[in-house]
Amino acid sequence: MVLEESESPLNSNVTAFALKAKVIYPISQKFRPLADGSSNPSLHENPKQAVLPNQVMEISTSGSLGSLSQGDKEDCSSSTTIHSTTSDDRFQARAFLKVTSFPEVLTCESFDVKLCLCSLTLKDLMLLDTELRKEKHVMVIQILKIYVTDFYHKKKITDDLFKKILLIQENDFEELQRQLDSRLQNTEMSGAHNSEYQTLEDLERKEREYSEHVIDNMEAFWKQTDKAQQAFLDESKCSSAKATKIMMDLTEKMIAVESLLSESQDLQAMDIQERLFNWELMVKMIDSLKSYIPEECKCRLNIVSNILDHLTVKNNLSVRQKEELLTDLHKAFWEQLAHFSNECIQQSKDLILKRLESCAKKKEEFKHRQKAEQGSLLSKTFHNEDVHDFLKAYHELLEKHRQAQWELKEEDDCESTEAIADLYKELYSKASHALVELVTELFLQTLPLVTGLSVRECELLKEEWQENLVPQLEKWETYCQRRWKLFQEQLLQEKQLWMKEYALSGVMQKHLSEKQEKIIQGVTSRLGCLSDDSVNYILQKHRLLLCSVLRRLTLRRAGMAALARMRLSRKKSLLQELRQQHILQKGSFPCQDEDQWQLQKALESHILEEEEKLEEETQQTHLEFHQQLVTEIQEALQFLQQHMEQVIGQTLLQHARREARKKNLDGGQDFKERLVEAAVESVYGTSNNINRLVQNYYQELGKITEGYEEKKLQQLKSLQVERSERNRLKKKQESELALKEKQTKGLLSVSSAVHQRMVLQQKKVLAQFELQQQIRLESLKQKLLGLHHLETELENQLKEAEQDFVRELAVLTRVPVAVKKKPSKRSKPIGEKTKRKTFQSPQSAEKDDSHENIQESPGLTSGLCRGRLRSPHESEPEPKKNSQEAKKERQQVVKAFI
């Protein structure tokens, strides 16, 4: 009889009504009618104690014992129905406790423990990001310092310049860090109305602003790094080739830095997620201890109540007497348990506070020791060839420090959990002992006086209570073990889901990386004019920035996953409680009657309904965070694109400067100056005959230009015809493809879902876009190649015309100038020796004009010719009296055209 009366509340009509009404907490009778018809509050069940194991709560770790000392909670802290729309709308704005370490979660009495744990995960991710960013800054600055020091030791820069460069670098990078710290501090302080509590909405905003500030800082850091490199190279006055080699070496070292940090970040991010699951296990263990104490005591009290009911049936007790005895027993016990619970909670808080203080001291000692080790390593002297050794040594040192801090945290978390568990075990012992004393007093002292039963009969009743208690406790222990196993299975499912999302994130990151590399390779291939070293430098620079961006976005994605989990934590917890309740109740009743079967069906339909709601909300939440992530990716890639545009522009500018310098070196600038000077001093050339020579030169230029324009127009027309033909063929292919699609459209509509058709259409549009883009690129390539060929031909013709003009001018003016012959289309083959000849006399100059090829350097262009000359005269020597005037006039003419 006792066992039947202590079965699950699902057997009662009250529970049936609760399920049909979709009420989370099964309705408990707070008022029981007495024998005289009056209604007084029943103390058989303490309204502030923990709920039954099969009751569905919004939270699971709020502490069933905490309610004994905290009194009634505010209604806004929990919802009464699983589908409360108002509660869902207010969920993001609901405040939860702000914690700084895991041991605080063990003592907090908030209803949102999962939110606290996820907030700790976000804090760990932020701390990891900060540590890796500082490590990157130190290593990059140290790399620059090593290169500057190497130049100083090689006497390529002075001592003052060496100190100046290092000081500027340190000041600039420190200013960047101060700006970031200030922005992050403002973000942390904004919206903080209460320093002890925070809302999910505030947390999402802070994470978003933090990511924006970090991206801005990363952009400023790489700009500052490029600025420092360029300033160092400008001050060192090294050659262009040497500067390019140094830039490539620096970029290669920085890519190695990013690779080390990326690998470390991936491993530690996985450890952080794994630690979250371990935290949930430890919190669940403490929660089980908290709930075990009142549930077991309630089971003991229920058996006492059943025995008193049996005495009432035998008329040994009246209903009023039974109510009074149970009231006194419940009141005395729950008061003692509340007192013990208050002591336990206070002891827990004191214990955690002491452990946190001790842990803070250990961390401070660790920090000082680690800082000294880092300073010792940084103070060592490294050379260029030792950069990789330095990077490896410094990274391994910091990894060792992080591992030590990690082990210290884990050790503190485990010891704190064990200490709290010992306190609750002690509380269980005290509560059990107090209840045994109260029950003994009831059976051996109170009942003999009230019922008139003998002491021996009352002892037998106590023995009956103990006998009935054994199977009930065994049943409760089995129930707890099954519930623990279900929780582990649910946690394993969440872990598998997280691993799946992590793998998907890796695939998306790889796809993004490959796409960006393909883009930059296409850009460099279309430039065409750059050398292999310049192209390799651009690709290396892009790879460096891309690694930095992707590493930051990977952490941001992990943070978004934690935020999404926090949003869905409430409904997930409620649904898990429903599933747990269904599985446990289904296993408790292998043979069900009609009422039990209906109740199970009602619960199953309720679970399906909530699963659909959770799935819908999950998709909406993930879509929202995905769109936000895509926006941030686009902003980060915009920074990458702008930075690479600057890098490519600087590379093109340096290439143009090298080409111009090369032409100046290879050109005949000295020859031109000597020719001008000799032509001015010559008495054989006048402005009139030089004017005639220049007019002929202009006519030749006009013919060359007209020919170039005609060829250019013809080529553009032919390219347009080819493009029209390609467009016609493309439209023909598209029409044939559309015809095939119409033929298979009916079959596709029947056999394929709407989503599949949309995917096919999307692939088709993307393929067409890529094809059109490739066609345009090929057309532009052909156009550029043709124009480049025409421009090369034009340049050669202009050079030949200019060389003819210079040669004829030298012959006309009888200039005795030694000229180095260079091959052209009309010159001798390259294999033959180029002779140098000096004019001895006007006669010999005229004689040799038929076979001497006087050629100007390619550096001279037709653009030197300006203006018009006066009418030509005979090419005869001027009278002696006008020699000075003729000299001035010849000088003006020659300088105008040479």
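Remember, it's a predicted structure, so these values are computed and weren't measured experimentally. (Residues numbered from 1 in each chain as written. Predicted model: local features only at pLDDT ≥ 70, side-chain atom pairs only at ≥ 80, totals over all residues. Heavy atoms only, no water.)

A few points about the overall build of the chain
Here is the rule: Counting from the N terminus, the helices are the DSSP runs of H or I reaching at least four residues and the strands are the DSSP runs of E reaching at least two. In this scheme, a residue with accessible area under 20% of its type's maximum is buried, one over 50% is exposed, and one in between is partly exposed, where area comes from a 1.4 Å probe on protein chains only. Computed with a 1.4 Å probe, the accessible areas rest on the Shrake-Rupley method; for each residue, only the protein chains presented here act as cover.
Looking only at helices and strands, one finds 19 helices and 6 strands in the chain. Within the chain, the proportion of its 898 residues that are buried is 43%. In the structure as shown, the chain presents an accessible area of about 49700 Å², 53% of it carried by carbon and sulfur atoms.

Section: the pattern of salt bridges
Note the threshold: Note on definitions: salt bridges are taken to be side-chain nitrogens of Lys or Arg within 4 Å of carboxyl oxygens of Asp or Glu.
Scanning the model with the defined rule gives 34 salt bridges in all. Its salt-bridge partner being Lys430, residue Glu426 comes within 3.7 Å of it at the nearest N-O pair. With Glu426 and Lys430 both in helix 11 (residues 387-451) and 4 residues apart, the pair spans about one turn of that helix. For Glu426, a relative accessible area of 38% puts it in the partly exposed group. Here the salt bridges share partners, and the residues they tie into one network are Asp129, Arg133 and Arg552.

Notes on unusual backbone geometry
The phi angle at Asn315 is positive, at roughly 65°, despite the residue not being glycine. As for its position among the elements, Asn315 is in the loop between helix 9 (240-313) and helix 10 (319-378).

Notes on the packing of helix 9 against helix 12 (residues 455-527)
To be explicit about the condition: A fitted line through C-alpha atoms represents every axis, and for helices the fit uses only the stretch in contact; the resulting angles, taken between N-to-C directions, go from 0 to 180 degrees. Angles below 35 degrees are treated as roughly parallel, those above 145 as roughly antiparallel, those between 65 and 115 as roughly perpendicular, and all remaining angles as oblique. Here is the rule for handedness: rotate from the far helix to the near one, and if that takes an anticlockwise turn smaller than a right angle the crossing is left-handed, while a clockwise turn gives right-handed. When residues are sorted by character, Ala, Val, Leu, Ile, Met, Phe, Trp, Tyr, Cys and Pro go into the nonpolar class, Asp, Glu, Lys and Arg into the charged class, and all the rest, Gly among them, into the polar class.
Where helix 9 meets helix 12, the axes come as close as 9 Å, and the angle between the chain directions of the two elements is 160°. On the basis of their axis angle, the class for helix 9 and helix 12 is roughly antiparallel. The crossing of helix 9 and helix 12 is right-handed. For the contact of helix 9 with helix 12, the residue count by class is 21 nonpolar, 6 polar and 11 charged.

Here we look at the nonpolar core
Which entries qualify depends on this criterion: Side-chain atoms within 4.5 Å are what join buried Ala, Val, Leu, Ile, Met, Phe, Trp, Tyr and Cys residues into a set we call a nonpolar core.
Of all hydrophobic cores here, the largest spans 132 residues; its most connected members are Val105, Leu447 and Met566. Among the elements that line this core, the one with the most residues is helix 9, at 23 residues. Residues Tyr697, Leu794, Leu798 and Leu812 belong to the second largest nonpolar core, which totals 15 residues.

Re a negative patch on the surface
The condition is simple: Like charges within 9 Å and nonpolar side chains (Val, Leu, Ile, Met, Phe, Trp, Tyr) within 5 Å are joined into patches, using only residues over 30% in relative accessible area that form no salt bridge. This count recognises Lys and Arg as positive and Asp and Glu as negative, with His and chain-terminal groups excluded. Taken as the charge centre is NZ of Lys, CZ of Arg, CG of Asp or CD of Glu, depending on the residue.
A cluster of acidic side chains, namely Asp271, Glu407, Glu410 and Glu411, defines a negative patch on the protein surface. Ranked by the residues each element gives to the negative patch, the list is headed by helix 11, at 3 residues. Take Glu410: it is sitting in helix 11. The class of Glu410 is partly exposed, set by a relative accessible area of 32%.

Comments concerning helix 7 (residues 159-189)
Applicable threshold: To estimate the expected span of a helix, subtract one from its residue number and multiply by 1.5 Å. We call two residues contacting when some pair of their heavy atoms lies within 4.5 Å.
With 31 residues, helix 7 should cover 45 Å at 1.5 Å per step; its first-to-last C-alpha distance of 45 Å lies within 8% of that length. Every buried residue of helix 7 is listed here: Leu161, Phe162, Ile165, Leu166, Gln169, Phe173, Leu176, Gln177, Leu180, Leu184 and Thr187. In this structure, the buried side of helix 7 is in contact with helix 6 (113-153) and helix 8 (200-236).

Here's the deal with the packing of aromatic side chains
Two numbers describe a pair of aromatic rings. These are the distance of the centres and the angle of the planes. As a reminder, the rule being used: In summary, the pairing rule links any two rings of Phe, Tyr or Trp, Trp by its six-membered ring, whose centres are within 6.5 Å, and it sorts them by plane angle into stacked for under 30 degrees, edge-to-face for over 60 and tilted for everything else. Charge-over-ring placement is defined geometrically: NZ (Lys) or CZ (Arg) within 6 Å of the ring centre, and within 35 degrees of the ring normal.
Counting across every chain of the model gives 12 aromatic pairs. Summarising the aromatic geometry, the rings of Phe102 and Trp279 are spaced 5.4 Å apart at their centres and angled 5° between planes, so their arrangement reads as stacked. Note that Phe102 is positioned in helix 5 (residues 102-107) and Trp279 in helix 9, a separation of 177 residues in sequence. Residue classification places Phe102 among the buried positions, given a relative accessible area of 2%. Members of the aromatic cluster, each reached through a chain of ring pairs, are Tyr292, Tyr428, Trp476 and Tyr479. The lysine or arginine in question, Arg369, covers the ring of Phe366, its NZ or CZ lying 4.8 Å from the ring centre.

Some words on the packing of helix 6 against helix 7
Taken N-terminus to C-terminus, the directions of helix 6 and helix 7 make an angle of 170°; their axes are 10 Å apart at the nearest point. Put simply, helix 6 runs roughly antiparallel to helix 7. For the pair helix 6 and helix 7, the contacting residues are Arg133, Lys134, His137, Ile141, Leu144, Lys145, Val148, Thr149 and Tyr152 in the first and Asp159, Phe162, Ile165, Leu166, Gln169, Phe173, Gln177 and Leu180 in the second. Split into classes, the residues belonging to the contact of helix 6 with helix 7 amount to 9 nonpolar, 4 polar and 4 charged.

Treat this as a map of the structure, not an account of what it does.
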